[in-house]
Amino acid sequence: MEQQAQEFDKQPCLEGARVCLRPLDRADFGALYAVASDQQLWAQHPASDRYQEPVFRKLFDESIASGGALVVIDKATGRIIGSSRYNVPEPGARRAEIGWSFLARAFWGGAYNAEVKALMLRHAFRFVDAVYFRVGESNARSRRAMEKIGGRLSERTEAITLPSGVPALHVIYEISKEDFFSPASPLLK
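Rules used in this analysis
- Numbering of residues starts from 1 in every chain and runs along the sequence as written.
- Only residues with pLDDT of at least 70 are given local features in this predicted model, and only at 80 or more are side-chain atom pairs given and counted; all residues enter the totals for whole chains, interfaces and linings.
- Computation of side-chain values covers all heavy atoms of the structure but excludes hydrogens and water.
- All axes here are fitted lines through C-alpha atoms, helices being fitted over the stretch that makes contact, and every angle between N-to-C directions spans 0 to 180 degrees.
- Elements are defined by DSSP. Helices are runs of H or I of four residues or more, strands are runs of E of two residues or more, and each kind is numbered from the N terminus.
- In this scheme, roughly parallel covers angles under 35 degrees and roughly antiparallel covers those over 145, while 65 to 115 is roughly perpendicular and the rest are oblique.
- For any pair of crossing helices, the crossing counts as left-handed if the nearer helix is rotated counterclockwise from the farther one by less than a right angle, and right-handed if it is rotated clockwise.
- Residue contacts follow a heavy-atom distance rule, with two residues in contact if any of their heavy atoms lie within 4.5 Å.
- Classes in brief: Ala, Val, Leu, Ile, Met, Phe, Trp, Tyr, Cys and Pro nonpolar; Asp, Glu, Lys and Arg charged; the others, Gly included, polar.
- For a helix, the expected span equals 1.5 Å multiplied by the number of residues minus one.
- The classification of residues rests on relative accessible area computed with a 1.4 Å probe and restricted to protein chains. Under 20% of the type maximum is buried, over 50% is exposed, and intermediate values are partly exposed.
- When DSSP finds two or more bridges between two strands, those strands count as paired.
- One side-chain nitrogen of Lys or Arg within 4 Å of one carboxyl oxygen of Asp or Glu is enough to make a salt bridge.

Draft legend 1. Up close: the packing of helix α1 (residues 29-36) against helix α2 (residues 53-66). With their axes 11 Å apart at the nearest point, α1 and α2 run at an angle of 125° to one another. Taken together, the axes of α1 and α2 lie oblique to each other. The handedness of the crossing between α1 and α2 is right-handed. Judged by residue contacts, Phe29, Leu32, Tyr33 and Ala36 of α1 engage Glu53, Phe56, Arg57 and Phe60 from α2. Tallied by class, the residues present in the contact of α1 with α2 amount to six nonpolar, no polar and two charged.

Rendered as structure tokens:
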């Protein structure tokens, strides 16, 4: 089968130096909620109430139903430290989304997010030419993280209605296959 015609594998097992990613399973709820229950984790996120168990359970159930969710496991301890997921809105499309990502605060600001995104992007670029990320407009921490991994802020924005019914403006960052594999890519250094 030609590479262009392959269906995007949204739940691969990926391994780097620090982390392993594997498909999210219903049995992961307790370990993942232990991470997500940290109120500070969501302080700048548009859905800042995700630390509450009923709110997180809805996100978890949506993640399971998406068929694209992965848990992030710290290789040093074997513990679940976060999650991310793929979304491919149109079968056969040459673009995919990576989002719904979070890591325990102990893993912020270092190499963990970069490794998770590098693993996910490398996998995605087997199937697509571009990956985009929706980030809450006022989420300065996530916007800085996107810039650190080479995300380019596009001119597109999207108003997303949160589960609470409140609309939140999101900006769109993009990384092309060409940029990811270029010698200047911050994720390949």
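Draft legend 2. The arrangement of helix α3 (residues 111-124) in detail. For α3, with 14 residues, the first-to-last C-alpha span of 20 Å sits near the 20 Å given by 1.5 Å per residue. Across the 14 residues of α3, 10 count as buried, placing the element largely inside the fold. Looking at α3, one finds that the buried residues are Tyr112, Glu115, Val116, Lys117, Ala118, Leu119, Met120, Leu121, His123 and Ala124.

Draft legend 3. Inspection of unusual backbone geometry at higher detail. The backbone of Trp100 shows a phi angle near 55°, a positive value even though the residue is not glycine. Locating Trp100 in the fold gives a position in strand β5 (residues 95-103).

Draft legend 4. Broad picture of the pairing of strand β2 (residues 19-23). Relative to β2, strand β1 (residues 14-15) runs antiparallel, the two sharing two bridges. Bridging from a neighbouring strand, Leu14 pairs with Leu21 of β2. Turn length for the β1-β2 hairpin, with the two strands adjacent in sequence and antiparallel, is three residues. Looking at chain direction, β2 and strand β3 (residues 69-74) are connected through five bridges and run antiparallel. Following the sheet pairing, Arg22 is matched in β3 by Val71.

Draft legend 5. Here's a closer look at the environment of Leu32. Of note, Leu32 is situated in helix α1. Taking C-alpha positions, Leu32 is 7.2 Å from Ile81, a pair spaced 49 residues apart along the chain. Excluding residues that lie within four positions of it along the chain, Leu32 makes contacts with Leu24, Phe56, Phe60, Val71, Ile80, Gly82, Ser83 and Phe102.

Draft legend 6. Structural view of the sheet that holds strand β6 (residues 130-136). In spatial order, the strands read β1-β2-β3-β4-β5-β6-β8-β7; together these eight strands make up an open sheet with mixed pairing. Each having just a single partner strand, β1 and β7 (152-161) make up the two edges of the open sheet. Each of β3, β4 (80-87) and β5 touches α1; the most contacted strand, β4, lies at about 100° to it.

Draft legend 7. Fine view of the pattern of salt bridges. By the definition in use, this model includes 12 salt bridges. For Arg22, the salt bridge identified is with Asp28, shortest N-O distance 2.8 Å. With a relative accessible area of 27%, Arg22 lands in the partly exposed category. The buried category is assigned to Asp28, whose relative accessible area is 7%. In this structure, Arg105 and Asp38 form a salt bridge, with 2.5 Å as the shortest nitrogen-oxygen distance. Here Asp38 lies in the loop between α1 and α2 and Arg105 lies in the loop between β5 and α3, a separation of 67 residues in the sequence. Accessibility expressed as a relative area gives 42% for Arg105, which makes it partly exposed. Counted as one network, the salt bridges with shared partners bring together Arg95, Arg156 and Glu174.

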